[in-house]
Amino acid sequence: EAQVTQNPRYLITVTGKKLTVTCSQNMNHEYMSWYRQDPGLGLRQIYYSMNVEVTDKGDVPEGYKVSRKEKRNFPLILESPSPNQTSLYFCASNSPQGGIRSAFFGQGTRLTVV
Amino acid sequence: AQSVTQLGSHVSVSEGALVLLRCNYSSSVPPYLFWYVQYPNQGLQLLLKYTTGATLVKGINGFEAEFKKSETSFHLTKPSAHMSDAAEYFCAVTKGASGGYQKVTFGTGTKLQVIP
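Rules of the game
Residues numbered from 1 in each chain as written. Chains lettered and ligands numbered in written order. Predicted model: local features only at pLDDT ≥ 70, side-chain atom pairs only at ≥ 80, totals over all residues. Heavy atoms only, no water. Pairing = 2+ DSSP bridges. Helix = DSSP H or I, 4+ residues; strand = E, 2+ residues; numbered from the N terminus. Axes fitted to C-alpha atoms, helices over the stretch in contact; angles between N-to-C directions. Salt bridge = Lys/Arg side-chain N within 4 Å of Asp/Glu carboxyl O. Buried < 20%, exposed > 50% of the residue type's maximum accessible area, 1.4 Å probe, protein only. Phe/Tyr/Trp six-rings, centres within 6.5 Å; stacked < 30°, edge-to-face > 60°.

> Teacher, can you tell me more about the sheet that holds strand β3 (residues 19–26) of chain B here?
Sheet strands line up and pair through hydrogen bonds in the backbone, either parallel or antiparallel. Residue and element names in this part refer to chain B. One open sheet accounts for 5 strands, arranged β1-β3-β8-β7-β6; its pairing is antiparallel. The two strands at the open ends of the sheet, each matched to only one other strand, are β1 (3–7) and β6 (56–58). In this sheet, neighbouring strand axes are inclined to one another by 20° on average, regardless of whether the strands run parallel or antiparallel.

Shown next as structure tokens:
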């Protein structure tokens, strides 16, 4: 089954404790992205990657890092989390050759930073 | 710079009535436009997208949207609402050909309520 898998689904952490949210896709997609979703603000893109070792900033990259060492994985790293990074995070993947159903989103990771 | 404005954070319709969700965009280059749906506690699902060509785009679940350059709009419609359409809908704009890559800007979302 084609899917984007994020882990963990829920995470509560303390300010300053480094964490990584993993994202993996099994569709051999070139493109992957991270978003955060906050009430009233919709989704905002954090980082995106157009292929292995190719990443770029979205609209809200501050406080986040990403890496794309393998095509299937695109982890999101918070080096020193702060309470304003409490949010719902989504990973997505896509292929430029895909049709209407080509964009896949993960189930989301709800992060709380206390 | 690009931006998306969704008019109405909440929309209520009766079952069987027309669904109209409004989206206006701003883009410095010809845009690619998308509508996504999010059901409670789930990720987003792509409903439809406009890249080039025909301005009336048909998507899944009976939804369609029309790109109107003169009005900078990409409104989402469905002739007859079903209870299962209750969800949050997001409009998005990007310069790329596929939702989810390159720089994507989303609207703030419209929650659709369907009244029996």
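> I keep staring at the pattern of salt bridges and nothing clicks. Help me out?
Opposite charge on two side chains permits pairing when their charged atoms draw close. Following the criterion strictly, the structure yields 6 salt bridges over all chains and no others. Where A:D38 meets A:R44, a salt bridge forms, and the shortest distance between an N and an O atom there is 2.8 Å. When its relative accessible area of 11% is taken as the criterion, A:D38 is described as buried. Relative accessible area serves as the criterion here: at 25%, A:R44 is assigned to the partly exposed category. Linking B:K78 and B:D85 is a salt bridge whose minimum nitrogen-to-oxygen distance equals 2.9 Å. Through salt bridges that share partners, A:K18, A:K65 and A:E79 make up one connected network.

> How should I be thinking about the packing of aromatic side chains in this particular structure?
The relative placement of two aromatic rings is captured by the distance of their centres and the angle of their planes. Applying the stated criterion across every chain yields a total of 11 aromatic pairs over all chains. Aromatic side chains B:Y50 and B:F67 sit 4.3 Å apart centroid to centroid with 20° between the ring planes, which places their arrangement in the stacked category. Placement of the pair is B:Y50 in strand β5 (residues 44–50) and B:F67 in strand β7 (residues 64–68), with a sequence separation of 17 residues. On the basis of relative accessible area, B:Y50 is assigned to the buried category, the value being 9%. By relative accessible area, which is 10% here, B:F67 ends up buried. An aromatic cluster is defined as three or more aromatic residues linked by ring pairs; in this entry it consists of A:Y35, A:F90, A:F105, B:F34, B:Y36, B:F90 and B:F106.

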